[in-house]
Amino acid sequence: MTTVADTAETVPERHYTHHEGRGATPHRSNPAVIHRELTTLDVRQGMNVAEIGTGSGYSGALLAHLVGPTGTVTSLDIDAYLSRWANLIHHERGLDNVRCHITDGTVGFPERAPYDRMVAWCTPPFLPKAWIDQAAEGGVIVAPLPIAPVPNMTVVVKVRVSGGVPVVEAVFNGGYIEATTSPKGNLDLPGRWVDWENRFPAPAWISLAWRESDDHLHTGARTALDRLLKDAHTEPYGAEVNWPSWRTFAASLADPQLTMAGLTPDLWAIGHSTPTTAAAIQQDGMIHADHPESPSLTVLRDWLTAWEEAGRPAPETYTPALVQQEGPGPAGWHLRLTR
């Protein structure tokens, strides 16, 4: 059996990510993480595989080698530029068992289903039923999924499909760019669930788990973001923040007031907000709040204390559950984690 490590030795990663004709593509993942996901996917010779998110084409090339000449790879991406170039680079390297298609990957590609394996390099809003419908019996899906209705709170899951029912077999730390219905231009801004964005005098954004109770002017989102930016109370947490552990713990609380923000271009913040108060801790350990006695700050401190008392649990230690999507729109399952 050919391993991912062996295959990586034969696929020129930089030829894809920094192709001399196309130039470097920013839409690429860490090769070590790609290798981890593909090892989890357990691809065999002769399999029919779909990947959602073509990117540079590197992962598709690895898959093409793993399935061998009797297997097929279907690569899906919303970005025509990436898809066309990846097709050309694959052709130049003599790979004729992989095809890249320009389409919304969250709906899959039924023309070439059923798929023995599916892997996603972008994060859908929930696990799409279309993927489950297009998976072969006993098929495996490895994909990032949100664990709360705010950006950047994701884990990677291994899902087994049996009798048309998805079951989560494993959870890993990780996440990828959000799956969107059009090519994503601004890679510094989340692709969905941004409830208010400032571009002047400096970029900043906020996302509220309680957005459904906000008004059409996004008054709650605007107010919360202003409270975290203007004359905010700041204090250091006093300890290094293990971000994968902290964000997973915060998501597992399922608190309706959960809030995610980008107060500076390079740092995310997680916290609590209401229409009148707000507090969040950044990746660098700095806490921002509307007031030293803020009720949201009290809640955030309680969350952090509970996280420390739980031993800063790793994402892999949580119990996963898939909850069926309700209401109009595409069908699927939300992933929730509990301890």
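You'll find the structure just up there.
Computed from a prediction, not measured in an experiment: that's the story for all the values here. (Residues numbered from 1 in each chain as written. Predicted model: local features only at pLDDT ≥ 70, side-chain atom pairs only at ≥ 80, totals over all residues. Heavy atoms only, no water.)

**Some thoughts on helix α3 (residues 31–41)**
Within α3, the full set of buried residues consists of Ile34, Glu37, Leu38, Thr40 and Leu41. Around the axis of α3, the buried residues are gathered within 155 degrees of arc, so they sit on the same side. Counted as exposed and oriented over 90 degrees from the buried face of α3: Ala32 and Thr39. In this structure, the buried side of α3 is in contact with α1 (4–10), α4 (58–67), β6 (115–120), β8 (135–146), β9 (154–162) and β10 (165–173). At the N-terminal end of α3, a side-chain oxygen is found 2.8 Å from the backbone nitrogen of Ala32, two or three residues along, and the residue is Asn30. Asp42 lies just past α3 and shows a positive phi near 60 degrees. (Buried < 20%, exposed > 50% of the residue type's maximum accessible area, 1.4 Å probe, protein only. Helix = DSSP H or I, 4+ residues; strand = E, 2+ residues; numbered from the N terminus. Arc of directions from axis to C-beta. Contact = heavy atoms within 4.5 Å. Polar contact = N/O pair within 3.5 Å; in protein donor to acceptor, adjacent residues only side chain to side chain.)

**Details of unusual backbone geometry**
The omega torsion of the bond from Ala113 to Pro114 falls at 5 degrees, within 30 degrees of zero and hence cis. As for its placement among the helices and strands, Pro114 is situated in the loop between β5 (98–102) and β6. Positive phi, normally seen in glycine, also occurs at Asn152, with a value near 65 degrees. Take Asn152: it is sitting in the loop between β8 and β9. The exposure class of Asn152 is buried, given its relative accessible area of 15%. Non-glycine residue Trp193 carries a positive phi angle of around 65 degrees. Taking relative accessible area as the criterion, Trp193 reaches 23% and is therefore assigned partly exposed.

**A look at the sheet that holds strand β13 (residues 233–236)**
Taken in spatial order, the seven strands of this open sheet run β11-β12-β14-β15-β16-β17-β13, and their pairing is antiparallel. The strands lining the two open edges of the sheet, one partner per strand, are β11 (196–198) and β13. With direction set aside, neighbouring strand axes in the sheet form an average angle of 20 degrees. The pairing of strand β15 (residues 267–273) with strand β16 (residues 278–282) spans five bridges and is classified as antiparallel. (Pairing = 2+ DSSP bridges. Axes fitted to C-alpha atoms, helices over the stretch in contact; angles between N-to-C directions.)

**Comments concerning the environment of Val323**
Its location among the elements puts Val323 in strand β18 (residues 319–324). Relative accessible area serves as the criterion here: at 42%, Val323 is assigned to the partly exposed category. As a C-alpha pair, Val323 and Leu304 span 19 residues in sequence and 27 Å in three-dimensional space. Discounting residues that sit within four places of it in the chain, Val323 has contacts with Gly332, Trp333, His334 and Arg336.

**Notes on the packing of aromatic side chains**
In the structure shown here, the tally under the stated rule is two aromatic pairs. On the basis of an interplanar angle of 90 degrees and a centroid distance of 5.7 Å, the ring pair of Trp121 and Tyr176 is categorised as edge-to-face. Taken together, the residues span a long stretch of sequence, with Trp121 in the loop between β6 and β7 (127–128) and Tyr176 in the loop between β10 and β11 at a distance of 55 residues. Residue classification places Tyr176 among the buried residues on the basis of a relative accessible area of 13%. (Phe/Tyr/Trp six-rings, centres within 6.5 Å; stacked < 30°, edge-to-face > 60°.)

**Side note on helix α5 (residues 80–92)**
Think of an α-helix as 3.6 residues a turn; residues three or four steps apart then line up on the same face. The end-to-end C-alpha distance of α5, which contains 13 residues, comes to 18 Å, matching closely the 18 Å that a straight helix rising 1.5 Å per residue would cover. The set of residues buried in α5 consists of Leu82, Ser83, Trp85, Ala86, Ile89 and His90. On the buried face of α5, the contacting elements are α2 (13–17), β1 (18–19), α4, β4 (72–77) and β5. Where α5 terminates, the next one or two residues include Gly94, which has phi positive at roughly 80 degrees. (Expected span 1.5 Å × (residues − 1).)

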